[in-house]
Amino acid sequence: QEFGDIFGAIFGGGRGGGRQQRQQRGSDLRYNLELSLEDAVRGKTLEIKVPTFVSCEPCDGSGAKKGTSAKSCTTCHGHGQVQMRQGLFAVQQTCPTCSGKGKVIASPCTSCRGQGRVEKTKTLSVKIPPGVDTGDRIRLSGEGEAGEHGAPAGDLYVQANVRDHKIFVRDENNLYCEVPISFTTAALGGEIEVPTLEGKVKLKIPKETQTGKMFRLRGKGVKSVRSHSIGDLMCKVVLETPVNLSGDQADLLRQLDEKMGKSTIKHSPKETGFFDGVKKFFDDLKS
Ligand SMILES: [Zn+2]
Ligand SMILES: [Zn+2]
């Protein structure tokens, strides 16, 4: 099945609503399709099962038994509407004989009981274009419900709903992730591996990197389904405090701390400003 247009927001008002009931096309359908982030980003052809109405085969959608056909309604002469007199006024009304269809079926088809359509679960193959996001709709023209008495079918809208991912959060075409780094790598610099949707890549960490710093990996995001521009991957590094330290390891940290304390060089870029701020806060409270 070819997909038609992709709709980002609310799709436009349906067609149909024709004045004459017998021409009314079948209803549009919406199908909620759950997708993994990987499938949404790369695109995929998926099979879906849609409960719907399809044109009745034995009567070819006409509703009339094979070999017979619907006759023009004699009450309304095929117009579907009749004029009724109410006092001085002529009022248009839906024909009571044919319920506005303009036709009367003398011997209805037994498969569809004269409806021209039957309930059926259709299996369809949907091509998901790469880059779709939650809320995007793919229109499959004519794959909605078949209309009654051979009227044209509606459309099927497949609405994408992308599941949460373990690692990545998507915002537009950018991907976000958090990557833990060790205390030592953050202080001295180094190289870490970060995940992308295409596998791991190396990321250079400059020395003196603070926790929460965001690194941008250009072009490692999602390719837009509309503009084909490619987003970035934003990696936030989070400093991990070492746990399960042995006595020796703890001693080394204490030694380091002591040495840094005695040093005349500033080692904590935020500390001075922070404690100045705290002091000012309490001073302001007192005054
Ligand atoms: Zn009629
Ligand atoms: Zn039939």
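Scroll up a little and you will see the structure.
Each chain carries its own residue numbering, running from 1 in the written order of its sequence. Whichever chain is written first is A, and whichever ligand is written first is 1; the rest continue in order. This being a predicted model, a pLDDT of at least 70 is required before a residue's local features are given, and a value of 80 or more before pairs of side-chain atoms are given or counted; all residues contribute to the totals for chains, interfaces and linings. Side-chain figures throughout are based on the complete set of non-hydrogen atoms in the structure, without hydrogens or water.

(A) Structural detail: the overall build of the protein chain. Where helices and strands are cited, they refer to DSSP runs of H or I of at least four residues and of E of at least two residues respectively, numbered from the N terminus. Scanning the protein chain from terminus to terminus reveals four helices and 16 strands. Computation of the radius of gyration draws on C-alpha atoms alone. For the globule rule, the value is 2.2 Å times the number of residues to the power 0.38. Here the C-alpha atoms of the protein chain give a radius of gyration of 34 Å, more than 25% beyond the 19 Å that 2.2 N^0.38 yields for 287 residues. Along the longest, intermediate and shortest principal axes, the C-alpha atoms of the protein chain span 105 × 50 × 35 Å. A 1.4 Å probe rolled over the protein chains alone gives each residue an accessible area, and that area as a share of the maximum for its type sets the label: buried under 20%, exposed over 50%, partly exposed in between. Burial analysis of the protein chain (287 residues in total) assigns 31% to the buried set. Should any heavy atoms of two residues lie within 4.5 Å, those residues are considered in contact. Of the contacts formed within the protein chain by residues at least 6 apart in sequence, a portion of 65% connects residues at least 24 apart. Where accessible areas are quoted, they stem from the Shrake-Rupley method and a 1.4 Å probe; at the residue level, only the protein chains shown are allowed to cover. Carbon and sulfur atoms provide 51% of the accessible area of the protein chain, an area that totals close to 18900 Å².

(B) Representation of the coordination of the zinc ion (ligand 2) in the model. Water is not among the atoms examined, so metal sites may look incomplete; donors are the N, O and S atoms within 2.8 Å of the metal, or within 3.2 Å for Na, K and Ca. Ligation of the zinc ion (ligand 2) by protein atoms is provided by Cys56 (SG), Cys59 (SG), Cys109 (SG) and Cys112 (SG), these donors lying 2.3 Å from the ion. Sites are called tetrahedral only when four donors show all angles between 85 and 135 degrees, square planar or octahedral only when four or six donors show opposite pairs over 155 degrees and all other angles between 65 and 115, and irregular in any remaining case. Its four donor atoms give the zinc ion (ligand 2) angles of 104 to 117 degrees at the centre, a pattern that matches the tetrahedral case. Going along the chain, you hit the donors of the zinc ion (ligand 2) in the pattern C-x2-C-x49-C-x2-C. Pair noted here: Cys56 is in the loop between strand S3 (44-55) and strand S4 (71-72) and Cys112 is in the loop between strand S7 (103-104) and strand S8 (117-128), with a separation of 56 residues, a long-range link.

(C) Representation of a nonpolar patch on the surface in the model. Residues forming no salt bridge and having over 30% relative accessible area are the ones grouped into patches, like charges within 9 Å of each other and nonpolar side chains (Val, Leu, Ile, Met, Phe, Trp, Tyr) within 5 Å. By convention in these notes, a salt bridge is any Lys or Arg side-chain nitrogen within 4 Å of a carboxyl oxygen on Asp or Glu. A cluster of nonpolar side chains, contributed by Phe183, Leu239, Leu245, Leu253, Leu256 and Met260, occupies part of the molecular surface with about 450 Å² of accessible area. A total of three residues in the nonpolar patch trace back to one element, the largest contributor, which is helix H3 (residues 247-262). With respect to the helices, strands and loops of the structure, Leu253 is situated in helix H3. The class for Leu253 is partly exposed, based on a relative accessible area of 31%.

(D) Representation of the sheet that holds strand S11 (residues 169-171). Paired strands, as defined in this entry, are two strands with at least two bridges between them according to DSSP. Across the sheet, which stays open at both edges, the four strands sit in the order S11-S12-S16-S15 with mixed pairing between neighbours. Of all the strands in the sheet, just S11 and strand S15 (214-217) have a single pairing partner and so form its edges. Adjacent strand axes in the sheet meet at a mean angle of 30 degrees, parallel and antiparallel pairs treated alike. As paired elements, S15 and strand S16 (residues 233-240) share four bridges and run antiparallel to each other. Across the sheet, the residue bridging to Arg216 is Met234, located in S16. Axis angles are defined between N-to-C directions and span 0 to 180 degrees, where every axis is a line fitted to C-alpha atoms and, for a helix, only to the segment in contact.

(E) Layout of the coordination of the zinc ion (ligand 1). Bound to the zinc ion (ligand 1) on the protein side are Cys73 (SG), Cys76 (SG), Cys95 (SG) and Cys98 (SG), at distances that span 2.2 to 2.3 Å. If you look at the zinc ion (ligand 1), its four donor atoms make angles of 103 to 116 degrees with each other, and the shape they trace is tetrahedral.

(F) Representation of the environment of Lys236. Along the chain, the position of Lys236 falls in strand S16. Residue classification places Lys236 among the partly exposed positions, given a relative accessible area of 31%. Distance from Lys236 to Leu140, taken between C-alpha atoms, is 40 Å for residues 96 residues apart in sequence. For Lys236, the contacting residues outside a window of four places in its chain are Cys177, Glu178, Val179, Gly212, Lys213 and Met214.

(G) The pattern of salt bridges, seen in detail. The final tally for this structure, using the stated rule, is 18 salt bridges. Note that Arg254 is salt-bridged to Asp251, the shortest N-O span being 3.0 Å. Taken together, the residues Arg254 and Asp251, both in helix H3 and three residues apart, mark about one turn of the helix. Here Asp251 falls in the partly exposed class, since its relative accessible area comes to 38%. A salt bridge links Lys279 to Asp283, with the shortest nitrogen-to-oxygen separation between them at 3.1 Å. Taken together, the residues Lys279 and Asp283, both in helix H4 (residues 271-286) and four residues apart, mark about one turn of the helix. A residue is classified by how much of its surface remains accessible, and Lys279, at 54% relative accessible area, is exposed. Judged by relative accessible area, Asp283 falls into the partly exposed class, the value being 32%. Salt bridges here are not isolated pairs; linked through shared partners, they connect Arg25, Asp28 and Asp155.

(H) Looking closely at H3. The length a helix should cover is 1.5 Å for every residue beyond the first. Relative to the 22 Å expected for 16 residues at 1.5 Å per residue, H3 spans 23 Å between its end C-alpha atoms, a close match to the ideal helical length. In terms of burial, H3 is largely open, as just one of its 16 residues are buried.

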